[in-house]
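The chain contents come next:
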Amino acid sequence: MTRSVSLPLWLAALLVLLAAWAALDRLLVPSVRWYLRRRVNRLIDEVNARLRLEIRPFQRTRRRVLIERLTYDPKVLQATEAYVLESGMPRAVALARVERFAREIVPAFNAYIYFRLGYRLARGAARLLYRVRLGFSDEAGLAAIEPGATVVFLMNHRSNMDYILVAYLAADRTTLSYAVGEWARVWPLQTLVRSMGAYFVRRNSRDPLYRRVLERYVHMATEGGVTQAVYPEGGLSRDGRLRPPKLGLLDYMLRGFDPRGERDLVFVPVGINYDRVLEDRTLLLDLDPAAPRGGAREALANTLRFAGRNLALVARRRWHRFGYACANFGTPVSMRRWLGGRGLDLRGLAKEERAAHLERLGGELMAGVGAVVPVLPVPLVATVLLGAGEALSELEVKARAHRRMAELEAAGAHVYIPRQDQDYAVTAGLRALVERHLAICTDGLYAADPAELPLLRYYANSIAHLAAAAANPRPAGA
């Protein structure tokens, strides 16, 4: 028992490493997990005490469990069997494909990352780049939402900053689970996005198996009361105008909704607007088929040049933020009341009949989003300059802008007036356009730069639907 045993140095080192690994796996890792889980649970309890829409148990469920629930959901299995019969693919391969889709879609919500990291990053980025404002909010309508209801924020999509802006402004109300496109599926961004509770969507996928898996996840999240944020337009606006709604996610949410169930489904329209959209010129390129298309290297070079120019302005103390960014929260729309008032239950309807009702609902919801898009200084002044047809003095620009503001407010639009000073609002918008060379000033007269008319129209288009409503008011009682 006391005899010595000699071992090669490499084997002794291997045994030490294995012993250290066993100690780490059996003793330290469980202790660290327990400590971190206790910290996260304490944070969730603290946050739930101040949130109006608390974090749901569904969001606290382990990701592995949600993936298995989704993979072996009865309707997903039924779709898998149909896919196997149609394609001839082995069942094991089809199930592995379903699990891959589930892993791609299901988020990994982490309250600690959301509130300790994500919120601070969102607040810092939004306030660094813009003068962030919460314009209008229907507080009475939001307060009247039934406890336990599933709330879905429907937003117009102006910029990729929308994710950051609304998450920051809504942080005192709830956590948001975004439907995010494939553009964010790059490491390490996708890990952060999943930790923030977002789920990935392949916007134009025709794969029936993928669409069924996505539908069932959206149904599970909606049934679990998860607060979601959706862009019904399906993508960024290329010309600045509101786009017609795409009804896929709306259909997934309502296809299994029970109007008499214990949990209501409520849509909240959110309108977003900016004095400057960071991607404006890139978005306009998509409208010109003849425009040269650069690759990833050129896009990176453009981004670096943009950052370099702004850093140079910072060094010379001439940099300032990109104007105002504003969001408005409109009147919630209860699906229990909307469907009940029409005697509808979409679960029992044929596809064509359900699609007709969804199209009507989508149009109403998109109109609600459009109605709360804020009117900001740059879109307002861009509208005035485009409609002038001639050079205007600063006094004439202000007179026309004041008249346009009065018309918009009379039509029910929400005009954000910085500092409650209309003259300052027009001055700020005019200054921003001149500094970006979208407007030119000659001998004290202002006019649109002919070379930049597409970009000026892009900003004016963001409120074009409101201007049209102001110019053609609806008859009384309509």
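Everything numeric in this text was worked out from a predicted model, so none of it was measured.

## Examining the overall build of the protein chain
Along its length, the protein chain carries 20 helices and 11 strands. Here the protein chain holds 478 residues, and 46% of them are scored as buried. The long-range share in the protein chain, meaning contacts at least 24 apart out of those at least 6 apart in sequence, stands at 77%. Roughly 25,200 Å² of accessible area belongs to the protein chain as shown, and the carbon and sulfur atoms make up 57% of that amount.

## A look at helix α19 (residues 453-461)
For α19, the set of buried residues is Leu455, Leu456, Tyr458, Tyr459, Ala460 and Asn461. Contacts made by the buried residues of α19 are with β6 (265-274), α12 (280-285), α16 (377-388), α18 (422-435), β11 (445-448) and α20 (464-471).

## Focus on the nonpolar core
Counting 80 residues, the largest nonpolar core has Tyr178, Val397 and Leu433 as the members making the most contacts within it. With residues near it in sequence (within four places) discarded, leucine 433 still touches Val378, Val381, Ala382, Leu385, Leu438, Ala439 and Leu456. Listed in part, the 49 residues of the second largest apolar core include Leu154, Ala179, Leu214 and Met366.

## Side note on a nonpolar patch on the surface
A surface patch of nonpolar side chains, amounting to about 500 Å² of accessible area, comprises Leu117, Leu121, Trp183, Val186, Leu189 and Leu192. Mapped onto the nonpolar patch, the elements with two or more residues apiece are α6 (111-129) and α9 (189-195). Looking at where leucine 121 falls in the secondary structure, it is placed in helix α6.

## Thoughts on the side chain of serine 334
Tracing the backbone shows serine 334 in strand β8 (residues 333-334). Judged by relative accessible area, serine 334 falls into the buried class, the value being 6%. Residues within four places of serine 334 in sequence aside, it is in contact with Asp264, Leu265 and Val266.

## Considering helix α5 (residues 91-105)
In this model α5 runs 21 Å from its N-terminal to its C-terminal C-alpha over 15 residues, within 8% of the 21 Å that 1.5 Å per residue would give. Turning to α5, its buried residues are Ala94, Leu95, Arg97, Val98, Phe101, Ala102, Glu104 and Ile105. Taken together, the buried residues of α5 touch α3 (63-71), α4 (74-87), α9, β4 (199-200) and α10 (208-223).

## Concerning unusual backbone geometry
With the exception of glycine, most residues fall at negative phi, and the peptide bonds are largely trans. Here the phi dihedral of arginine 419 falls at roughly 60°; this positive angle occurs in a residue that is not glycine. Examined against the element boundaries, arginine 419 turns out to sit in the loop between α17 (394-410) and α18. For histidine 437, which is not a glycine, the phi torsion comes out positive at approximately 65°. Here histidine 437 lies in the loop between α18 and β10 (439-442). Exposure remark for histidine 437: the relative accessible area of 55% places this residue in the exposed category.

## Concerning the packing of α17 against α20
Viewed as axis vectors pointing N to C, α17 and α20 meet at an angle of 80°, and their least axial separation amounts to 8 Å. Between α17 and α20, the angle falls in the class roughly perpendicular. Note on element contacts: α20 touches α17 through Leu466, Ala467 and Ala470, opposite Arg404, Glu407 and Leu408.

## Side note on the pattern of salt bridges
Counted by the stated rule, this structure contains 23 salt bridges. The shortest N-O distance in the salt bridge between arginine 202 and glutamate 104 comes to 2.7 Å. One end of the pair, arginine 202, is in the loop between β4 and α10; the other, glutamate 104, is in helix α5, and 98 residues separate them in sequence. According to the relative accessible area criterion, arginine 202 is partly exposed, its value standing at 24%. In this structure glutamate 104 comes out as buried when scored by relative accessible area, which is 5%.

## Considerations on the packing of aromatic side chains
Evaluation of the coordinates by the stated rule reveals 14 aromatic pairs. Ring centres of tyrosine 130 and tyrosine 274 lie 5.3 Å apart, and the angle between their planes is 50°; on these two criteria the pair is classed as tilted. Highlighted residues: tyrosine 130 in the loop between α6 and β1 (131-137) and tyrosine 274 in strand β6, separated in sequence by 144 residues. Both rings, one in tyrosine 163 and one in tyrosine 231, keep their centres 5.3 Å apart while their planes meet at 80°; by these two values the pair is edge-to-face. Taken together, the residues tyrosine 163 in helix α8 (residues 161-169) and tyrosine 231 in the loop between β5 (228-230) and α11 (248-255) connect sequence positions 68 residues apart. In this structure, tyrosine 163 and tyrosine 231 share a single accessibility class: buried. An aromatic cluster is built from Phe58, Tyr199 and Tyr217, whose rings are joined through pairwise contacts. Between arginine 173 and the ring centre of phenylalanine 329, over which it is positioned, the NZ or CZ distance is 5.3 Å. In this arrangement the basic side chain of arginine 419 is found over the ring face of tyrosine 424, its NZ or CZ atom lying 4.0 Å from the centre.

What counts, and at which threshold
Residues numbered from 1 in each chain as written. Predicted model: local features only at pLDDT ≥ 70, side-chain atom pairs only at ≥ 80, totals over all residues. Heavy atoms only, no water. Helix = DSSP H or I, 4+ residues; strand = E, 2+ residues; numbered from the N terminus. Buried < 20%, exposed > 50% of the residue type's maximum accessible area, 1.4 Å probe, protein only. Contact = heavy atoms within 4.5 Å. Areas by Shrake-Rupley, 256 points an atom, 1.4 Å probe, with all protein chains shown as cover. Core = buried A, V, L, I, M, F, W, Y, C linked by side-chain atoms within 4.5 Å. Patch = residues over 30% accessible without salt bridge, like charges linked within 9 Å, V, L, I, M, F, W, Y side chains within 5 Å. Salt bridge = Lys/Arg side-chain N within 4 Å of Asp/Glu carboxyl O. Expected span 1.5 Å × (residues − 1). Axes fitted to C-alpha atoms, helices over the stretch in contact; angles between N-to-C directions. Parallel < 35°, antiparallel > 145°, perpendicular 65-115°, else oblique. Phe/Tyr/Trp six-rings, centres within 6.5 Å; stacked < 30°, edge-to-face > 60°. Lys NZ or Arg CZ within 6 Å of the ring centre and 35° of its normal.

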